[in-house]
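Structure at a glance
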Amino acid sequence: MGSQVSVDMGAVRVVIVGGGFGGIAAASQLQTLNIPFMLVDMKDSFHHNVAALRASVESGFAKKTFISYSVTFKENFRQGLVVEIDVQNQMVLLEDGEALPFSHLILATGSTGLFPGKFNQVSSRELAIQAYEDMVKQVQRSQSVVVVGGGSAGVEMAAEVKTEFPEKEVTLIHSQVALADKELLPCVRQEAKEILLQKGVQLLLSERVSNLEDLPLNEYRERIQVHTDKGTEVATNLVIVCNGIKVNSSAYHSAFDGHLASNGALRVNEYLQVEGYSHIYAIGDCADVKEPKMAYHAGLHASVAVANIVNSRKQRPLKAYKPGALTFLLAMGRNDGVGQISGFYVGRLMVRLAKSRDLFVSSSWKTMRQSPP
């Protein structure tokens, strides 16, 4: 079965549900180890969504963010929507009626959210790229843009628009006082605010949009009137919402109803095994691990899950996953950024070099063993 795996892995067949950062990391490692697997996703391409916001403002960038699954994984990839997981018979059932048998299951379903930060729909690479190129046109037409939600995605979105189009009016509306994620160091959150102000982004903090359900999203209009709960009115041409990220539990919630955290994530033990199942793992955003939901963490989870599938067959001790000090880099357009590594503040130059210029796109092409366009 390949030199790395001397134990008979013949009875092993791993199904990975979800081809996000955790899913492709697990699939790539299984492929290297010659362990039979099947990766399932509703799209035909991996979406490097860390760069989705830049793909919304820079024409030609989107094609770098979608990477074909079948080129890398060939017959070990299946495009399809998972409708049920039959735990008793160890089958993953697809919408088209196909049943995929498994000895081990890795659930890597990620999270869902609004476009352009997320792209969660049955789609081809061409249609997905076109959706982002269409978004670029909406931004180009707009003289004024309102970004709703000042978590990390909203901060990055406002910075991307203002960096690519300095002449546009950009307003960020956030219901809290502090920007970005609460797990970040206070000095990092403060510097993110200062960078936005330096770029000329207008901030409306401690205000909530009160007429959001009536507003057209991601579409240019001559005039859109945005109202907040504090009585502020902003006239704009384009509204982009960057909040409301949720765990994507649709594939598994009925099968694991008693094993879910309140947000829909799967409760796991220290080995990332789903509570009560030694052959089923959850990784990435759908695993209930006390740490921020990040691509980097999903990759670490994948290594633990794959190692434990091998270790369990070889009757070796299992590997535990221990969340570490937080590494979190905020790209503030291609020319700026702020963040922390292992819990320590890092300067803007370092973030710019590490993340802001290419948003880790090249590392996903490397994982997929393909050359970027």
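Residues numbered from 1 in each chain as written. Predicted model: local features only at pLDDT ≥ 70, side-chain atom pairs only at ≥ 80, totals over all residues. Heavy atoms only, no water.

Let us look at the overall build of the chain. A count of helical and extended segments in the chain gives nine helices and 21 strands. Its C-alpha atoms give the chain a radius of gyration of 21 Å, near enough to 21 Å, the size a compact globule of 373 residues would have. Expressed along its principal axes, the backbone C-alpha trace of the chain runs to roughly 65 × 45 × 40 Å. Expressed as a percentage of its 373 residues, the buried residues of the chain come to 54%. For the chain, the share of sequence-separated contacts (at least 6 apart) that also reach a separation of at least 24 residues comes to 63%. One finds the centroid of the 37 positive side-chain charges in the chain at a distance of 6 Å from the centroid of its 37 negative side-chain charges. (Helix = DSSP H or I, 4+ residues; strand = E, 2+ residues; numbered from the N terminus. Rg over C-alpha atoms; globule rule 2.2 N^0.38 Å. Buried < 20%, exposed > 50% of the residue type's maximum accessible area, 1.4 Å probe, protein only. Contact = heavy atoms within 4.5 Å. Lys, Arg positive; Asp, Glu negative; His and termini not counted. Charge placed at Lys NZ, Arg CZ, Asp CG, Glu CD.)

In the structure shown here, the tally under the stated rule is nine aromatic pairs. Residues phenylalanine 115 and phenylalanine 119 carry aromatic rings whose centres are separated by 6.2 Å and whose planes lie at 65° to one another, so their mutual orientation is edge-to-face. Both rings, one in phenylalanine 115 and one in tyrosine 132, keep their centres 4.7 Å apart while their planes meet at 45°; by these two values the pair is tilted. With phenylalanine 115 in the loop between strand E10 (111-112) and helix H4 (125-141) and tyrosine 132 in helix H4, this pair connects stretches of sequence that are 17 residues apart. For lysine 168, the ring lying beneath its charged end belongs to phenylalanine 165, and the centroid distance is 4.9 Å. (Phe/Tyr/Trp six-rings, centres within 6.5 Å; stacked < 30°, edge-to-face > 60°. Lys NZ or Arg CZ within 6 Å of the ring centre and 35° of its normal.)

What follows concerns the nonpolar core. Counting residues in each nonpolar core, the largest one holds 74 residues, and the members touching the most others are Ile16, Val92, Leu107 and Phe256. Broken down by element, the residue count for this core peaks at seven residues, all from helix H7 (residues 295-313). The residues contacting leucine 107, other than those within four sequence positions of it, are Val17, Ile85, Tyr252, Phe256, Leu266, Ile280, Tyr281, Ala282, Ile283 and Cys286. Grouped together as the second largest cluster of nonpolar side chains are 32 residues, Leu53, Val145, Val161 and Leu196 included. (Core = buried A, V, L, I, M, F, W, Y, C linked by side-chain atoms within 4.5 Å.)

For the chain, the average pLDDT comes to 95, and 97% of its residues sit at 70 or higher. In this model, residues 1-7 is a region of pLDDT below 50 whose contacts with residues beyond four sequence positions or in other chains number 14 contacts. (pLDDT = per-residue confidence, 0-100.)

On the basis of which strands lie adjacent, the open sheet formed by three strands has the order E19-E20-E21 and antiparallel pairing. The open sheet has two free edges, formed respectively by strand E19 (328-331) and strand E21 (344-346), since each of these has just one partner strand. Each neighbouring strand pair of the sheet contributes to a mean axis angle of 15°, computed without reference to strand direction. Two elements, strand E20 (residues 337-341) and E21, share three bridges in a ladder whose sense is antiparallel. Bridge assignment links glycine 339 to a residue of E21, and that residue is valine 346. Helix H6 (residues 186-199) contacts E19, E20 and E21 of the sheet and is inclined by roughly 170° relative to E20. (Pairing = 2+ DSSP bridges. Axes fitted to C-alpha atoms, helices over the stretch in contact; angles between N-to-C directions.)

Here the focus is the environment of asparagine 243. Its place among the elements puts asparagine 243 in the loop between strand E16 (238-241) and strand E17 (246-247). Taking C-alpha positions, asparagine 243 is 15 Å from serine 210, a pair spaced 33 residues apart along the chain. Those residues in contact with asparagine 243, other than ones at most four positions away along the chain, are Val148 and Gly149.

Here the focus is the pairing of strand E11 (residues 144-148). Walk down a regular strand and you will see the side chains alternate between the two sheet faces. In terms of residue burial, E11 counts as a mostly covered element, since five of its five residues are buried. Residues of E11 alternate between two faces, with Ser144, Val146 and Val148 on one and Val145 and Val147 on the opposite face, all of them buried. When E11 meets strand E12 (residues 169-174), the two strands line up parallel, connected through five bridges. From the neighbouring strand, valine 145 faces E12, where its bridge partner is valine 170. The parallel pair E11 and E12 is bridged by helix H5 (residues 152-164), and the resulting crossover is right-handed. (Right-handed = clockwise from strand over helix to strand, strands pointing away.)

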